[in-house]
Amino acid sequence: MEPNRLQQIAAVVRQAGLNEQTLAVLRETFGDMHFTSCLDDDVGNIEPAHRDAGFNVYLVDGREHCLKLTTDLQSATGLLLAQVDDAD
């Protein structure tokens, strides 16, 4: 994945919000990538690839049988968009 693609996706989420409609648009626009979402509290002990207002972006490596979080931009095949609770 190219860094500018990560920035494009973050800009879409920043403007449209993190919701099912935004995920559907991202899946349609970036059809070669996997997108999923959760609460940031549900993510393990890994640093996000991108931090933004209200959400963090984590890299997903789906090249093998199971999906796994990664910090390697080049091996990322998808993104986990995690909603951040501002009360934390």
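See the structure shown above.
What counts and what doesn't
Residues numbered from 1 in each chain as written. Predicted model: local features only at pLDDT ≥ 70, side-chain atom pairs only at ≥ 80, totals over all residues. Heavy atoms only, no water. Buried < 20%, exposed > 50% of the residue type's maximum accessible area, 1.4 Å probe, protein only. Helix = DSSP H or I, 4+ residues; strand = E, 2+ residues; numbered from the N terminus. Arc of directions from axis to C-beta. Contact = heavy atoms within 4.5 Å. Disulfide = S-S within 2.5 Å. Phe/Tyr/Trp six-rings, centres within 6.5 Å; stacked < 30°, edge-to-face > 60°. Core = buried A, V, L, I, M, F, W, Y, C linked by side-chain atoms within 4.5 Å. Expected span 1.5 Å × (residues − 1).

Summarise helix α2 (residues 20-29); cite the residues concerned and give the values.
Of the positions making up α2, those classed as buried are T22, L23 and L26. Seen from one end, α2 has its buried residues packed into an arc of 100°, which puts them on one side. Exposed residues pointing more than 90 degrees away from the buried face of α2 are listed as E20, Q21 and E28. Close packing links the buried residues of α2 with α1 (3-16), β1 (34-39) and β5 (78-83).

I'd like a description of the state of the cysteines, backed by residues and values.
Within the structure shown, the criterion is met by 0 disulfides. C38 carries a free sulfur, and the closest cysteine sulfur to it, the one in C66, is 17 Å from it. Given the relative accessible area of 22%, C38 is considered partly exposed.

Requested: an account of the packing of aromatic side chains, with residues and values cited.
Under the criterion given, the structure shown has 1 aromatic pair. Relative to F35, the ring of F30 lies with its centre 6.4 Å away and its plane at 55°, an arrangement referred to as tilted. Like F30, the residue F35 is buried in the burial classification.

Please give an account of the nonpolar core that cites residues and values.
Counting 17 residues, the largest nonpolar core has M1, I9, L26, M33, F35, L79 and L81 as its most contacted members. Among the secondary structure elements, those contributing two or more residues to this core are α1, α2, β3 (55-61) and β5. Considering every element that reaches this core, the biggest residue donor is α1, with 4 residues. Excluding anything up to four places from it in sequence, M1 contacts L6, M33, L73, Q74, A76, G78 and L79.

Can you tell me about α1, naming the residues and giving the values?
Between its first and last C-alpha, α1 extends 20 Å over 14 residues, near the 20 Å set by a 1.5 Å rise per residue. Those residues of α1 not exposed but buried are L6, I9, A10 and V13. Around the axis of α1, the buried residues are gathered within 100° of arc, so they sit on the same side. Along α1, the residues that are exposed and aim more than 90 degrees away from the buried face are N4 and Q15. Packed against the buried residues of α1 are α2, β1, β2 (50-52), β3 and β5. Directly after α1, the chain includes G17, whose backbone phi takes a positive value near 90°.

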